[in-house]
Amino acid sequence: MRIKKCKVCGFPYRLARSLVWNDNGTITSKHRPDFRTLIIEADYLTEIFKKIEEVLGVSIQHIVFEAQRNAAKDVINGNISRFRWAIRYVPGVRRMVIAYFNRMASWTGQAYAKTIPHQGEGAGAAIIRNPFNRDLMAAVVVGALESLDEKPYDYRWERRGEDDVIVVESGAHPDISERLAYNTAPPKPGDRRYQRCPGCGVPVLLKDMEWRENEGLMIDMKRGVRMVVLEIYTTSVVLRELARELGEDVFPVIVAAQRQFSLPHIRGEFFRGEDNSSVFDKEVFYREVLDSVALRGQGNPVMCDTDDGRLVIIVDNPFDEYVLAGHFSALYEIAEGKTPQVAWEATGPSTVTYTLTS
Ligand SMILES: [Zn+2]
């Protein structure tokens, strides 16, 4: 499978045309301005989930799956609502939409997906290679097919030769799906400006991304890290559900897990003080890391103030307050050499103020 890419910067054309980089730290869908997406290291949720299971000693797989299925279903509902009639009644259209799903998996770096013949009842079967997270990917596939066929499905994994195959069959929803709905506060405006690629309009700062469509991978070549394009809702819905089931104890675990995850990533991408600490400019370091938060649609840091070991960051439109608390803790730790205490509060409907101290 080949995907068509921008000749100037290499960004997949269809993805570039379906997303909008706004001036307020958000990336939204062109067809649904209220629907947010982010770009992030592909493993971040896997690492957070692993840590929660480790520390709290419970499996959270079912919550993760249901939340992602709901979010995926909603994404696809939004994308195909205009073609609903054709999908139902015109022969061949359903197959075309599924081919589009497979491509979308590659564009977003979520996985390589290829539909294969399937005997028996149900929606079908597909080879899945390199899923960014196995449970989340299964949920993406099931949610997309439920949206397409307008009925509930279940799934199982099968090993066929070298490949993992997901088989999607008729099924029913457990009760949990009902309460996993989400809503979003309206975003605050901002005044960020990006230099845009003349070929596709995507910010040129993303020019180092490379797509390996035959593997389903999106790699940030500057540092050799796998990235993924994901709607923002899974994170908040899953974390909210985890708190509901497991209690508030889950939040410090999330923050600590993300801090640990972000440490090597921030250091590898932005820190240039290791060899010669005299050239380390803390202000520049903070600014570059916070600018990347906005570029990736994770929120809009509008103020960063550092004074005597105390760091205050104000973020408009944060995609998730806990994940950013962990990310900023890592930022502080690299700059100040100490693991911080992090506190934060909502200082507006779409604003969070973080205070980090040693
Ligand atoms: Zn381009």
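The sections below set out a description of the structure shown in this document. Bear in mind the structure is a predicted one, so any value in this text is a computation, not a measurement. (Residues numbered from 1 in each chain as written. Predicted model: local features only at pLDDT ≥ 70, side-chain atom pairs only at ≥ 80, totals over all residues. Heavy atoms only, no water.)

Further remarks concern the coordination of the zinc ion. Protein-derived ligands of the zinc ion are C6 (SG), C9 (SG), C197 (SG) and C200 (SG), with the metal-ligand distances lying across 2.3 Å. Coordination geometry of the zinc ion: the four donor atoms subtend angles of 99 to 113 degrees at the metal centre, consistent with an arrangement described as tetrahedral. Here the donor residues of the zinc ion are spaced in sequence according to C-x2-C-x187-C-x2-C. Within this pair, whereas C6 is found in the segment before α1 (13-18), its partner C197 is found in the loop between β7 (163-170) and β8 (209-212), the two being separated by 191 residues in sequence. (Donors = N, O, S within 2.8 Å, 3.2 Å for Na, K, Ca; no water. Tetrahedral: all angles 85-135°; square planar, octahedral: opposite > 155°, others 65-115°. Helix = DSSP H or I, 4+ residues; strand = E, 2+ residues; numbered from the N terminus.)

The subject of this paragraph is the packing of aromatic side chains. This structure, assessed with the given rule, holds 12 aromatic pairs. Judged by centre distance (5.4 Å) and plane angle (50 degrees), the rings of W85 and Y89 are tilted. Remark: Y89 and W85 occur in helix α4 (residues 84-89); sequence separation between them is four residues, near one turn of the helix. Judged on exposure class, the residue W85 and its partner Y89 are both exposed. Centre to centre, the rings of Y100 and W107 are 5.5 Å apart; their planes meet at 80 degrees, and the pair counts as edge-to-face. On the accessibility criterion, Y100 (26% relative accessible area) is partly exposed. Three or more aromatic residues joined by ring pairs make a cluster, and in this case those are F251, Y322, F328, W344 and Y354. Over the ring of W157 we find R134, and its NZ or CZ is 4.3 Å from the ring centre. (Phe/Tyr/Trp six-rings, centres within 6.5 Å; stacked < 30°, edge-to-face > 60°. Buried < 20%, exposed > 50% of the residue type's maximum accessible area, 1.4 Å probe, protein only. Lys NZ or Arg CZ within 6 Å of the ring centre and 35° of its normal.)

A few words now on a positive patch on the surface. Taken together, the side chains of K4, K7, R14, R17, K30 and R103 present a region of like positive charge at the surface. With respect to the element layout, K30 can be found in the loop between β2 (27-29) and β3 (36-41). (Patch = residues over 30% accessible without salt bridge, like charges linked within 9 Å, V, L, I, M, F, W, Y side chains within 5 Å. Areas by Shrake-Rupley, 256 points an atom, 1.4 Å probe, with all protein chains shown as cover. Salt bridge = Lys/Arg side-chain N within 4 Å of Asp/Glu carboxyl O. Lys, Arg positive; Asp, Glu negative; His and termini not counted. Charge placed at Lys NZ, Arg CZ, Asp CG, Glu CD.)

Moving on, we come to the sheet that holds strand β11 (residues 300-307). Here we have four strands laid out as an open sheet, ordered β11-β12-β14-β13, and antiparallel in their pairing. Both edges of this open sheet fall to β11 and β13 (341-348), since each of them pairs with a single strand only. Sheet twist, expressed as the mean angle between neighbouring strand axes with direction ignored, is 15 degrees. (Pairing = 2+ DSSP bridges. Axes fitted to C-alpha atoms, helices over the stretch in contact; angles between N-to-C directions.)

Another aspect to go through is the pattern of salt bridges. Counted by the stated rule, this structure contains 29 salt bridges. The shortest N-O distance in the salt bridge between R134 and D164 comes to 3.1 Å. With a gap of 30 residues between them, R134 in helix α6 (residues 134-149) and D164 in strand β7 connect regions that are remote in the sequence. Note that D208 is salt-bridged to K207, the shortest N-O span being 3.8 Å. A residue is classified by how much of its surface remains accessible, and D208, at 25% relative accessible area, is partly exposed. Taken together, the salt bridges that share partners define one network made up of E41, D220, K222, R223, E269 and R296.

Before going further, it helps to examine the sheet that holds strand β4 (residues 112-116). The four strands are arranged β4-β5-β7-β6 in an open sheet whose pairing can be described as antiparallel. Edge positions in the sheet fall to β4 and β6 (153-160), since each of these pairs with one other strand and no more. Taking the axes of each pair of neighbouring strands and ignoring which way they run, one obtains an average angle of 30 degrees across the sheet. Where β4 and strand β5 (residues 124-129) come together, five bridges link them in antiparallel fashion. When the bridges of β5 are listed, T115 appears paired with A126.

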